[in-house]
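Coordinate analysis (summary)
One-letter residues, chain by chain:
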Amino acid sequence: MSLSHVVLRAVGAIAVVGCLGAGCGGPSSDEMLTTERAGERADFTAEVGACPEGDESAEGVAAAPFVASVAEWFEIDLDNASESLAGGFDRSSTATYRIPGSELVAGQDSAARHAREIQIHGSLLEGIDAARQAGPGSRALIGLGGPDVDGQALFLVVMNKSGEFAFAGHCQERLLTDPMTTLLASQGLSMIELVGLTGSELEAQLGLATSGDTPGPAVLNPEFSSLQELEGLTLVSVVISPPDDWRAPATLCTRIERGWNDCMPLDGSIEFPQTVSAYVVPGGSLEFWLLDEAANLMRPIQRLGSIEVAQDLQPSTSVVASLRGRLAPDGGAVEAPVVQAELATL
Amino acid sequence: MAGILRTRRRLSARRRARVALSLAVMTGAADGSLYTSTESSAAPAYPQDPNNCNDSSIMWRFETNSGWTKNGVDRRPWVRAAINTLDDARDYNGSPLVSVTEHASIGVEVQVKDKPMNQYGSAECVSGASFWVNGNYTSSKFYWHVARHEMMHLMGAEHGGNIDSKNGDNPPTMMTCKDWSTFRSVNTLAQDDAAYLNWLHSGRDYRQLHANYGWEQGTSYWGKTAGALSYKSSGGSLGPGYAAWQAPTGNDYLYQTVAVHTGDDNESYRAITAAKSLSPDYKTAVRPALYRRNIAHQSSNSCEYADGVGNPNDYSVTSGWVLVAQPSSTVVGTGWTGVQSAFSNPANAMGYEMQVRIYGVAVPNSGGATGYIGIDNSRGDGT
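Calculation rules
Residues numbered from 1 in each chain as written. Chains lettered and ligands numbered in written order. Predicted model: local features only at pLDDT ≥ 70, side-chain atom pairs only at ≥ 80, totals over all residues. Helix = DSSP H or I, 4+ residues; strand = E, 2+ residues; numbered from the N terminus. Buried ≥ 20, exposed ≤ 12 C-beta atoms within 10 Å, placed from the backbone. Contact = placed C-beta atoms within 7 Å. Pairing = 2+ DSSP bridges. Axes fitted to C-alpha atoms, helices over the stretch in contact; angles between N-to-C directions. Parallel < 35°, antiparallel > 145°, perpendicular 65-115°, else oblique. Left-handed = near helix turned anticlockwise from the far one by under 90°. Expected span 1.5 Å × (residues − 1). pLDDT = per-residue confidence, 0-100.

A tally of regular secondary structure across chain A gives 9 helices and 15 strands. Put simply, chain A has 346 residues, and 43% of those count as buried. Contacts in chain A between residues at least 24 apart in sequence constitute 67% of all its contacts with a sequence separation of at least 6.

Here's what the structure looks like:
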């Protein structure tokens, strides 16, 4: 069963929505949709998500990872919720309420309705009235946290039949509704497509799934390379002397087959000659490359040449390299590059 | 191991005004990062002082509120323990970088509030310094992170990224925008926390980039390419501690890396250390060096960052290590000698991983193995 089937079934189950309590004089669903089409936010979004006056400061988790941390969805039975809250609720504190509804899992039939004790911040409960005012087909769903937060309610989201949504509770228009609206629009999704999802499925929908870092070019550095990557390599110093007129937004780097060594800027920020470090393979070659100003290893510009490293290289060896050629003013190339080097011992 | 993320920038007048209202107004990022602000790196005085948000010595007290206890558990010990870790950060000479003292009735009021679950805390430094934490959480690590985070705001710190230089994906205290489940499970300062407090409150000139640069906390955060490295508890350059290192060759080096998120700032940096030969029987040459790798942020998120900073969480690095500043090798005797480069202005980037290296070797005057070098106050610093 698809998620849409689940959702439609759930909507059908709560299709009869009464108008109880305060707020029955609010805008009709049709009025609200007209407003929305005019490019303005539906009224209920601001009503249920405003900040208490003078209490707007808060920092915490961003919208997407917060929504993605939901462990369980619970759809409120709007027909019967008023009885649960008949005693009223404190909008400024968290308490436990017995709320009628049913658990909702994507791809599964709705669970039987029952009343469930839920610990929830009172300001979120304003969403129940908002859902009633939003007209037939509107829904109110609670996102519950996992055991590490004692199953407390994380959020309450209200949706009308056309899919417009708002998160209820103090400051949630700014903290959840606005950023989620932006995010879902950018992903081409609607809020209803998230309902019932948890874990990796929800993270994937929200673009939070980590596919793993794309491995870039190997860089040889004692802090960032594994022992295996550096095994068998000898650390040497490379004294580099480019021509004095090599001044351009570019860098000069050395590399061996196993990865990239240090670079030096050619932008005039340092004087020549300079000494940088390099890992080399005794008996192997050391290449000299021109890169851009950022030393972007994904797009090396030009291989300038290479030198052969002695087989009997001593750990105290320095490579003294001189370069010739004409560096383009924009750093885009070296014409007729020549690399010469000799070994020295400190 | 990856670099850390901090943002330090000059505050615009507009930004100062906003910080004056609240140090930390979350904007509701959609994709998982928090936002930043900051701090001048160009002047010897701290520009956040007018906001009273750059204090290095803070007296604080708990608000009297029954909300501290939930499910029979008092959260105040967790908050207190978190705040007290700030005393662990050490300046170049071993003195605490900051001081936090609990008092019964005066000082910064530490409050507990009953808020929706996505609101973790907030700090205020204008109309009576205070901060609050959300009392609806039940995990100690939530309070460790949030309480230290808010107190560091009052010490002038701004938001950083989620990757610590030393501990990889264990986020430093000033990370924001991430779910609380990603907070560290230990109540200790991360390397980035210590480095940031050095940046804010070290007694040395300029802005210090690195943590434990006075070697007063052993060899913490430092690495080496080779050789024996040990901590000496007396005889340092400006404080008691220093490092004794027997480098096998002049190609070897000590290193420490931190990351800074500079946005559109344009600062200059240098490498600096103190060094000496531990014996007159060696010719000892030393040179510090500062290298950078450019940090690229993913496209900006809806968290609010100042000064052009994008998203400092989950940043990427695609550049090689580029030399920023390095002096010629200097021969040092048996007395402490300062060796430093000139300041250099690297090509602009969203931020840098800054690796300071200390090269050196003590060559025996009459043959044999290399000797020990004394190393102290080793760091990169910025204008």
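The next subject is the overall build of chain B. Across its full length, chain B carries 4 helices and 21 strands. A burial count over chain B gives 61% of its 383 residues as buried. Counting contacts in chain B only where the partners sit at least 6 residues apart, residues at least 24 apart contribute 75% of the total.

The step from Phe 272 of chain A to Pro 273 of chain A runs through a cis peptide bond, and the omega angle for that step is -10 degrees. Considering the arrangement of structural elements, one finds Pro 273 of chain A in the loop between strand S10 (259-265) and strand S11 (274-280). Not every positive phi belongs to a glycine, and Ala 295 of chain A is a case in point at roughly 55 degrees. By the element assignment, Ala 295 of chain A lies in the loop between strand S12 (285-292) and strand S13 (302-308). On the basis of neighbour counts, which here come to 27 C-beta atoms within 10 Å, the residue Ala 295 of chain A falls in the buried class. Even without being glycine, Cys 177 of chain B reaches a positive phi, approximately 80 degrees. By the secondary structure assignment, Cys 177 of chain B is in the loop between helix H3 (140-154) and helix H4 (191-201).

The interface is formed by 60 residues belonging to chain B together with 71 residues belonging to chain A. At the level of elements, strand S6 (119-124), strand S13 (253-261), strand S15 (282-298), strand S17 (322-325) and strand S20 (351-364) of chain B are the ones that each hand at least two residues to the side of chain B that touches chain A. Looking at which element gives the most residues to the side of chain B that touches chain A, the answer is S6 of chain B, with 5 residues.

Time to look at the sheet that holds strand S5 (residues 108-113) of chain B. In space, the 6 strands of this open sheet follow the order S1(A)-S6(B)-S7(B)-S5(B)-S1(B)-S4(B), with mixed pairing throughout. Each end of this open sheet is capped by a strand with a single partner; those strands are strand S1 (59-60) of chain A together with strand S4 (99-102) of chain B. Pairing of S6 of chain B with strand S7 (residues 130-134) of chain B involves 4 bridges; the strand directions are antiparallel. Considered in S7 of chain B, the bridge of Glu 124 of chain B is made with Ser 130 of chain B. Contacts from helix H2 (residues 76-84) of chain B reach strand S1 (57-62), S4, S5 and S7 of chain B within the one sheet, and its direction differs from that of S4 of chain B by about 155 degrees. Across the face of the sheet, H3 of chain B comes into contact with S1, S4, S5, S6 and S7 of chain B while running at roughly 25 degrees to S6 of chain B.

We now examine the pairing of S1 of chain B. All names here are of chain B. Here S1 pairs with S4 via 4 bridges, running parallel. Each residue of the ladder has a partner; that of Ile 58, found in S4, is Val 100. As judged from the 3 bridges shared by S1 and S5, these two strands associate in the parallel manner. Note that in S5 the partner of Arg 61 across the bridge is Glu 109.

What follows concerns the sheet that holds strand S4 (residues 114-121) of chain A. Residues and elements named next belong to chain A. Across the sheet, 6 strands lie side by side as S4-S3-S2-S5-S6-S7; this open sheet has antiparallel pairing. Looking at the sheet topology across the chains shown, the edges are occupied by S4 and strand S7 (165-168). On average, each strand axis in the sheet is inclined to that of its neighbour by 45 degrees, with strand direction left out of account. Its contacts with the sheet place helix H7 (residues 172-187) against strand S6 (153-159) and S7, and it is angled at close to 150 degrees to S7.

This part is about H4 of chain B. Residue and element names in this part refer to chain B. Burial analysis of H4 places 11 of its 11 residues in the buried class, the great majority of the element. Along H4, the residues classified as buried are Gln 191, Asp 192, Asp 193, Ala 194, Ala 195, Tyr 196, Leu 197, Asn 198, Trp 199, Leu 200 and His 201. Turning to H4, the residues buried within the fold contact strand S8 (207-208) and S13.

Right, let's get into the packing of H2 of chain B against H3 of chain B. All names here are of chain B. Remark: H2 packs on H3, axes separated minimally by 8 Å, with the N-to-C direction vectors making an angle of 45 degrees. With respect to H3, the element H2 is oriented oblique. Where H2 crosses over H3, the handedness of that crossing is right-handed. Facing H2, whose interface residues are Trp 78, Val 79, Ala 81, Ala 82 and Ile 83, H3 presents Ser 140, Tyr 143, Trp 144, Ala 147, Arg 148 and Met 151.

Each turn of an α-helix holds 3.6 residues, which means side chains three or four residues apart point in the same direction. Over its 15 residues, H3 of chain B extends 21 Å from the first C-alpha to the last, a length consistent with the 21 Å expected when each residue adds 1.5 Å. Burial runs high along H3 of chain B: 13 of the 15 residues are buried.

Attention shifts here to the environment of Pro 242 of chain A. All names here are of chain A. When you line up the elements, Pro 242 lands in the loop between strand S8 (234-241) and strand S9 (250-256). Classification of Pro 242 by C-beta neighbours within 10 Å gives buried; the count is 22. Here the alpha-carbon distance between Pro 242 and Ser 69, two residues 173 residues apart in the chain, equals 55 Å. Sequence-distant contacts of Pro 242, defined by excluding residues within four places in its chain, comprise Leu 252, Leu 266, Phe 272 and Leu 323.

Turning to the confidence of the model for chain A, a few remarks are in order. Within chain A, residue pLDDT values average 84, and 84% of them lie at 70 or more. Note on residues 1-41 of chain A: pLDDT is under 50 here. Beyond four places in sequence and across chains, it has 62 contacts.

Okay, the environment of Phe 155 of chain A next. Residue and element names in this part refer to chain A. Turning to its location among the elements, Phe 155 is positioned in strand S6. Taking the C-alpha atoms as reference, Phe 155 lies 9.0 Å from Phe 66; in sequence the two are 89 residues apart. With residues near it in sequence (within four places) discarded, Phe 155 still touches Val 67, Leu 124, Gly 143, Phe 167 and Leu 176.

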